[in-house]
Amino acid sequence: MLRLARFSTRRPFVAFAAWFTVAAILAAIGLGVSHSLSPTIVVVPGSETARAEQLAESNFGPSVLVPIMLEGPKAQLNAQGPALVKALAGRRDTRVLSAWDVGDTGAALRPDATHAMIVASVAQTEEAMLDGVQQDIDRIVDQQVSSPVTPYITGTPTIDQATKDQSLDAARQAELLALPILFLVLLLILRAPVAALVLTAFGGATTLMSFGAMAVLGKAIDVDPTAVALASMAGLALGVSYAMLVYRRWRSERAALDAHDRAGEALAASHAVETTGRAVLIGGTALVVALALTPLIGPDTILISLGIGATLCSALAIGGAVVVMPALLTILGPRMQAFSFGVPRFVMAPWNFLVDRGGGWVVRNAIVAGALATALLAVLAIPATNLKTGPVSPALLPKDDPARVSYDKISAVMGPGFTTPFNVVVVSRDKPITDRAMLREIDEFQAEIAADKRVKSVVGPGDLYATTADLKKLPKQLNNSKKMLKTAPAGLGKLED
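Here is a short report on the structure shown in this document. Along each chain, residue indices are assigned from 1 in the same order as the chain's sequence is written. For this predicted model, a pLDDT threshold of at least 70 governs which residues receive local features, and a threshold of 80 or more governs which side-chain atom pairs are given and counted, while totals over whole chains, interfaces and linings are taken from all residues. Side-chain numbers come from the whole structure's heavy atoms, not from hydrogens or water.

### Side note on the overall build of the protein chain
Right, on to step 1. Runs of H or I in DSSP of at least four residues are treated as helices and runs of E of at least two as strands, each being numbered from the N terminus. Per the secondary structure count, the protein chain includes 19 helices and 4 strands.
Right, on to step 2. Radius of gyration (C-alpha) of the protein chain: 34 Å, far over the 23 Å computed for a compact globule of 497 residues.
Right, on to step 3. Along the first, second and third principal axes, the C-alpha set of the protein chain runs to 135 × 50 × 45 Å.
Right, on to step 4. Working definition: with a 1.4 Å probe on protein chains only, accessible area under 20% of the residue-type maximum means buried, over 50% means exposed, and in between means partly exposed. Counting the 497 residues in the protein chain, one finds 36% classified as buried.
Right, on to step 5. The contact criterion used throughout is that any non-hydrogen atoms of two residues lie within 4.5 Å. A fraction of 73% describes how many contacts in the protein chain between residues 6 or more apart in sequence connect residues 24 or more apart. Using C-alpha atoms as the atom set, the radius of gyration is obtained and then compared with a globule rule of 2.2 Å times the number of residues to the power 0.38.

### Here's the deal with the pattern of salt bridges
Right, on to step 1. Just to be clear on terms, a salt bridge is a Lys or Arg side-chain nitrogen sitting within 4 Å of an Asp or Glu carboxyl oxygen. Following the criterion strictly, the structure yields 8 salt bridges and no others.
Right, on to step 2. A salt bridge links Glu 71 to Lys 409; the shortest N-O distance between them is 3.0 Å. Remark: Lys 409 occurs in helix H16 (residues 402-414) and Glu 71 occurs in strand S1 (residues 64-71); sequence separation between them is 338 residues.
Right, on to step 3. What makes Glu 71 buried here is its relative accessible area of 19%.
Right, on to step 4. Owing to a relative accessible area of 28%, Lys 409 belongs among the partly exposed residues under this scheme.
Right, on to step 5. As a salt-bridge pair, Arg 91 and Asp 93 come within 3.0 Å of each other at their nearest N and O atoms.
Right, on to step 6. Arg 91 sits in the buried class, given a relative accessible area of 17%.

### Observations concerning unusual backbone geometry
Right, on to step 1. Cis geometry is adopted by the peptide bond preceding Pro 148, which originates at Ser 147 and carries an omega value of 15 degrees.
Right, on to step 2. One non-glycine residue, Arg 191, lies in the positive phi region at around 60 degrees.
Right, on to step 3. Checked against the element boundaries, Arg 191 lands in the loop between helix H7 (156-190) and helix H8 (193-217).
Right, on to step 4. A positive phi is found at Phe 339, a non-glycine position, where the angle reads about 60 degrees.
Right, on to step 5. Tracing the chain through its elements places Phe 339 in the loop between helix H12 (301-332) and helix H13 (345-355).

### Some remarks on the sheet that holds S1
Right, on to step 1. The 4 strands are arranged S2-S3-S1-S4 in an open sheet whose pairing can be described as antiparallel. The sheet terminates laterally at strand S2 (94-98) and strand S4 (150-153), the two strands that pair on one side only. Going from strand to strand, the sheet's axes swing by 20 degrees on average, the running direction of each strand aside.
Right, on to step 2. Criterion used throughout: strands pair if DSSP finds at least two bridges between them. Strand direction decides the pairing type here: S1 and strand S3 (residues 115-122), joined by 8 bridges, are antiparallel. By the bridge assignment for S3, Leu 65 is matched with Ser 121. Axes here mean lines fitted to C-alpha atoms, for a helix over just the part in contact, with angles spanning 0 to 180 degrees between N-to-C directions.

### Here we look at the packing of helix H6 (residues 126-144) against H7
Two packed helices can be described by the angle between their axes and the distance between those axes.
Right, on to step 1. As a packed pair, H6 and H7 sit with axes 10 Å apart at the nearest point and diverge in direction by 80 degrees. On the basis of the axis angle, H6 is roughly perpendicular to H7. On H7, the residues that touch Glu 126, Met 129, Leu 130 and Gln 134 of H6 are Thr 156, Pro 157, Thr 158, Asp 160 and Gln 161.
Right, on to step 2. For this classification, Asp, Glu, Lys and Arg are treated as charged, while Ala, Val, Leu, Ile, Met, Phe, Trp, Tyr, Cys and Pro are nonpolar and the rest, including Gly, are polar. Of the residues that constitute the contact of H6 with H7, the class distribution is 3 nonpolar, 4 polar and 2 charged. Reported orientations rely on four angle classes, namely roughly parallel under 35 degrees, roughly antiparallel over 145, roughly perpendicular from 65 to 115, and oblique for the rest.

### Brief notes about a nonpolar patch on the surface
Right, on to step 1. Residues form patches when they are more than 30% accessible in relative terms and have no salt bridge. Like charges link within 9 Å. Nonpolar side chains (Val, Leu, Ile, Met, Phe, Trp, Tyr) link within 5 Å. Here the Shrake-Rupley method, with its probe set to 1.4 Å, supplies the accessible areas, and only the displayed protein chains count as covering residues. A grouping of Trp 351, Phe 353, Leu 354, Val 355 and Val 362 is seen on the molecular surface, where their side chains present a nonpolar patch of about 450 Å² in accessible area.
Right, on to step 2. Take the nonpolar patch: its biggest share by element is 4 residues, from H13.
Right, on to step 3. Looking at the element boundaries, Phe 353 is found in helix H13.
Right, on to step 4. On the accessibility criterion, Phe 353 (49% relative accessible area) is partly exposed.

### So, the side chain of Thr 276
Right, on to step 1. With respect to the helices and strands, the residue Thr 276 is situated in helix H10 (residues 262-292).
Right, on to step 2. Residue classification places Thr 276 among the buried positions, given a relative accessible area of 15%.
Right, on to step 3. When near neighbours in sequence (up to four residues on either side) are disregarded, Thr 276 contacts Leu 245, Val 246 and Arg 249.

### A word on the packing of helix H4 (residues 74-89) against H6
Right, on to step 1. Here H4 crosses H6 at 150 degrees, and the two axes come no closer than 10 Å. Relative to H6, the element H4 is oriented roughly antiparallel. When you trace H4 past H6, the crossing you get is right-handed. Between H4 and H6, the contacting residues are Gln 80, Ala 83, Leu 84, Ala 87 and Leu 88 on the first element and Ile 137, Ile 140, Val 141 and Gln 144 on the second.
Right, on to step 2. Across the contact of H4 with H6, the residue classes break down as 7 nonpolar, 2 polar and no charged. Note on convention: near helix rotated counterclockwise from far helix by under a right angle means a left-handed crossing. Clockwise means right-handed.

### Quick look at helix H3 (residues 48-60)
Right, on to step 1. Under the 1.5 Å per step criterion, the end-to-end length of H3 is 18 Å for 13 residues, consistent within 8% with the ideal 18 Å.
Right, on to step 2. Gly 61 lies just past H3 and shows a positive phi near 85 degrees. Multiplying 1.5 Å by the helix residue count minus one yields the expected span of that helix.

### Description of a negative patch on the surface
Right, on to step 1. Residues Glu 53, Glu 57, Glu 127, Asp 131 and Asp 222 make up a contiguous surface patch of negative charge.
Right, on to step 2. Elements with a contribution of two residues or more to the negative patch: H3 and H6.
Right, on to step 3. Tracing the chain through its elements places Glu 53 in helix H3. We score Asp and Glu as negative and Lys and Arg as positive, and we do not count His or the chain ends. Charge positions are represented by NZ for Lys, CZ for Arg, CG for Asp and CD for Glu.

### Focus on the nonpolar core
Right, on to step 1. By nonpolar core we mean a set of buried residues, namely Ala, Val, Leu, Ile, Met, Phe, Trp, Tyr and Cys, connected to one another through side-chain atoms within 4.5 Å. Ranked by internal contacts, the top residues of the largest apolar core, which has 30 residues, are Tyr 247, Trp 250, Met 325 and Met 336.
Right, on to step 2. Counting only elements with at least two residues in this core, the list comes to helix H2 (12-30), H7, H8, helix H9 (225-257), H10 and H12.
Right, on to step 3. With residues near it in sequence (within four places) discarded, Tyr 247 still touches Leu 190, Ala 192, Ala 195, Met 325, Leu 329, Met 336 and Gln 337.
Right, on to step 4. Ranked by size, the runner-up nonpolar core spans 29 residues in total, among them Met 117, Ile 137, Val 145 and Ile 153.

Next up, the structure:
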């Protein structure tokens, strides 16, 4: 990479044009990053949950539940609901339970006269649901349901899509807010408007390239939306900090060489590359290697995609600082220092008191200064004690988000656990799952769960046990029927007489 950096000081326009072309391509690709992201599923490989999911999918195939609640007058519900059920059941990959089913199932899905539930079980993966299946179901609901009936649709795909969009929007808004603040901070530190603007633009370009890199990465592996947000912010921070180090060194070399022409500017940039650029490359490479270990030890999709994404974005920041920044410095030269201004005396006086090279207060009182700085950091870290960890939840969405509104509405009517039920996979290793003893054990297990006051309802194969008990009577009843058939002719003769 140092060879490329030296080349950039000799051919600065060629180096900058090549970088600008790559940056523009990645930025354009980054506009569609949301289409490259995977659903947010936190399942640790090797865990019992992962085992259960593997068993369920291998034996029953992929399945995603889409709860749909209809709210409105009873007459309109009974008019529009069955039509929606029929339309959904018309899909070859969809099975439907609804409030209009007979028996206990239908009754459980009709909590009151103005609300009715439909649960569509779609035999698709979550990726397929996000790629278009969920939109098809939403379209069917829109076509079949009209005022005064209001539909509410929830489920993992709907919540995942809303969370993904919200995460990306928040990341873009945070970066748009960070750029002007970053410019002001750089302006105060460097006291050179052009230099501050160039460094800010360089950081913004690195961020846009990060979005593109993550979009490309999403075509190869599962990438979580959180990884995109964090990796792009890392690209912004590293891009600006590394580039500023090279700029500060170039400014010192330029002053020492008293450069006033293109050759002098190139020489100053070359010296900056050989010194600070080499240090940035060594330190940045160590960072990249450390980040590269994350995918090797990361137990789930989030950590793996976060590690690989941060590695890519760090590499972009390092390469840009070491290779592109010298080319920019060579091209702009003294214009980087245009409109520079000094620091007011009332600001410099306390600063010189603290860090003056002749032996400032910080140097003379290192222990006290270190203790005060540590105490300040500890105070700033106090809010982290309130940090709540856990899986992605609809509670993270804005209250007016449609996915959050539907989730809250269905949870309020049907209970908070209805939209995210627990699934239990039962495996029989040595006899059929329909064995009477096995069904009896399942029935007892199911009854034990249902007896828990925190559980509202349980649906499972235990219900088959009562049915098999009735089947025990069948042989005796068949024998009785056989006897009746033998005596039937004589009985029919009596009826004739």
